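Listed here are the chains, written in short residue letters.
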Amino acid sequence: MNQHKEEILRVCNESSKGTLMETLGIEYIDVGEDYVVARMPVNSRVHQPDGVLHGGATVALAESVGSIASYIFIDANKYFVRGIEISANHVRSIKEGDVFAKATVIHKGRTTQLWDIRVTDAGDNLISRCKLTTLALEKK
């Protein structure tokens, strides 16, 4: 994995061009055997009207990192990935800085994958805890 890590991250980040991930400033920054980490800046683009991180932006970050993790860990030549369910508990607000989402696999089945996603700030304080279920569908 280490020898391919930079290439995997490059491909993931290039796939974000022209998408919601680029709009939100999401960048994939680390990948391991069973996890992926992304960073998103917290600024006015992702704020609610009262100036804190919008829960919807947090969920978009979580679904993005979990979905790209599923994509990395399946045979992408044969399958594409769709998120089919996500839940989020927002436990702390943040006004500025960066948030980091780490998707760790809970279950890696043939067609469904279950991801635990911790969204934290730069001090490793928990901002949100999300759970994502993805589905691998065969390309036709």
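Relevant structure appears above.
Described below are features of the structure shown in this document. Just so it is clear, the structure is predicted and the values come from calculations on it, not from any experiment. (Residues numbered from 1 in each chain as written. Predicted model: local features only at pLDDT ≥ 70, side-chain atom pairs only at ≥ 80, totals over all residues. Heavy atoms only, no water.)

1. Overview of unusual backbone geometry
Here's step 1: Unlike most non-glycine residues, Asp 124 shows phi in positive territory, near 65°.
Here's step 2: Residue placement: Asp 124 occurs in the loop between strand S5 (112-121) and strand S6 (126-138).
Here's step 3: What makes Asp 124 exposed here is its relative accessible area of 53%. (Helix = DSSP H or I, 4+ residues; strand = E, 2+ residues; numbered from the N terminus. Buried < 20%, exposed > 50% of the residue type's maximum accessible area, 1.4 Å probe, protein only.)

2. Comments concerning the packing of aromatic side chains
Here's step 1: Summed over the entire model, instances satisfying the criterion amount to 1 aromatic pair.
Here's step 2: Seen from their ring centres, Phe 73 and Trp 115 are 6.1 Å apart, and the 25° between their planes marks the pair as stacked. Highlighted residues: Phe 73 in the loop between helix H3 (55-72) and strand S3 (79-90) and Trp 115 in strand S5, separated in sequence by 42 residues.
Here's step 3: Using a relative accessible area of 19% as the deciding quantity, one classes Phe 73 as buried.
Here's step 4: For Trp 115, a relative accessible area of 1% gives the class buried.
Here's step 5: Seen from the ring of Tyr 35, Lys 102 lies directly overhead, with NZ or CZ sitting 4.5 Å from the centre. (Phe/Tyr/Trp six-rings, centres within 6.5 Å; stacked < 30°, edge-to-face > 60°. Lys NZ or Arg CZ within 6 Å of the ring centre and 35° of its normal.)

3. Some words on the sheet that holds S5
Here's step 1: The 6 strands lie next to each other as S1-S2-S4-S5-S6-S3, forming an open sheet whose pairing is antiparallel. Both outer strands of the open sheet, strand S1 (27-31) and S3, are each paired with one neighbouring strand and no more. Recorded for the sheet is a direction-independent mean angle of 25° between the axes of neighbouring strands.
Here's step 2: By the bridge criterion, 9 bridges tie strand S4 (residues 97-108) to S5 in an arrangement that is antiparallel. Across the sheet, Val 105 pairs through a bridge with Trp 115, a residue of S5. (Pairing = 2+ DSSP bridges. Axes fitted to C-alpha atoms, helices over the stretch in contact; angles between N-to-C directions.)

4. Notes on the nonpolar core
Here's step 1: Counting 32 residues, the largest nonpolar core has Tyr 28, Met 40, Leu 53, Val 99 and Ile 117 as the members making the most contacts within it.
Here's step 2: Within the residue set of this core, elements represented by two or more residues are helix H1 (2-15), helix H2 (20-24), S1, strand S2 (35-42), H3, S4, S5 and S6.
Here's step 3: No other element matches the 7 residues that H3 contributes to this core.
Here's step 4: For Ile 117, the contacting residues outside a window of four places in its chain are Ala 62, Val 65, Gly 66, Ala 101, Lys 102, Ala 103, Ser 128, Arg 129, Cys 130 and Leu 132. (Core = buried A, V, L, I, M, F, W, Y, C linked by side-chain atoms within 4.5 Å. Contact = heavy atoms within 4.5 Å.)

Any functional reading would require information beyond the geometric quantities listed.
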